[in-house]
Amino acid sequence: MKSKQAITALSALAQETRLGVFRHLMQSLPAGVPAGDLAEQFGVPASTMSNHLAILTRAGLTRSEREGRTVYYAAELDGIKGLLEFLVKDCCNGKSSACNKLLEAALAPCCP
């Protein structure tokens, strides 16, 4: 991941509703959550939630899948791993062996 991509991802998370939605989608893995359910749970209009989800998706942090008329959203693990790797790859002055536990925790598979 490059700096510009990381800034986009971090900016997407720097808003209360989007951060809450992202955390909820992480808790819901590996299943997706219908966009309408997210709007209802977070108490925002469907159009506002659609905008939040579009921002998270453009940032590479979520993905969507349509089933009939329902769009399900889920956390995008590759995007999240890329962001975490970007944030910690230069830890300890580039001697990542000193930070192996942090890197392993950040990059370990989280879900089946």
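Provided above is the structure to which this section pertains.
Residues numbered from 1 in each chain as written. Predicted model: local features only at pLDDT ≥ 70, side-chain atom pairs only at ≥ 80, totals over all residues. Heavy atoms only, no water.

K.L.:
Would you mind showing me how to read unusual backbone geometry here?
P.N.:
The step from L29 to P30 runs through a cis peptide bond, and the omega angle for that step is 5 degrees. Secondary-structure assignment places P30 in the loop between α2 (16-28) and β1 (33-34). (Helix = DSSP H or I, 4+ residues; strand = E, 2+ residues; numbered from the N terminus.)

K.L.:
Help me out: how do you make sense of the environment of I80 in this one?
P.N.:
Checked against the element boundaries, I80 lands in helix α5 (residues 77-88). Each C-alpha atom of the pair I80 and L61 lies 5.8 Å from the other, and the pair is 19 residues apart in sequence. Discounting chain neighbours no more than four positions away, the residues touching I80 are F22, M26, G60, L61 and A75. (Contact = heavy atoms within 4.5 Å.)

K.L.:
So what exactly am I meant to see when it comes to the pairing of strand β2 (residues 62-67) here?
P.N.:
The side chains of a regular strand alternate between the sheet's two faces. Across 6 bridges, the pairing between β2 and strand β3 (residues 70-75) is antiparallel. Bridging across to β3, E67 finds its partner in T70. Here β2 hands over to β3 after 2 residues, with G68 in that stretch at a positive phi of 65 degrees. (Pairing = 2+ DSSP bridges.)

K.L.:
How do you make sense of the nonpolar core when you look at a structure like this?
P.N.:
Nonpolar side chains in soluble globular proteins tend to be buried together. Among the nonpolar cores identified, the biggest contains 22 residues, and V21, L25, L38, M49 and L61 are the most heavily contacted of them. Contributions of two or more residues to this core are made by α1 (3-13), α2, α3 (35-42), α4 (46-58), β3 and α5. Counting residues per element, this core draws most heavily on α1, at 4 residues. Once residues within four sequence positions are removed from consideration, M49 is found in contact with T17, V21, A35, L38, A39, F42 and V44. (Core = buried A, V, L, I, M, F, W, Y, C linked by side-chain atoms within 4.5 Å. Buried < 20%, exposed > 50% of the residue type's maximum accessible area, 1.4 Å probe, protein only.)

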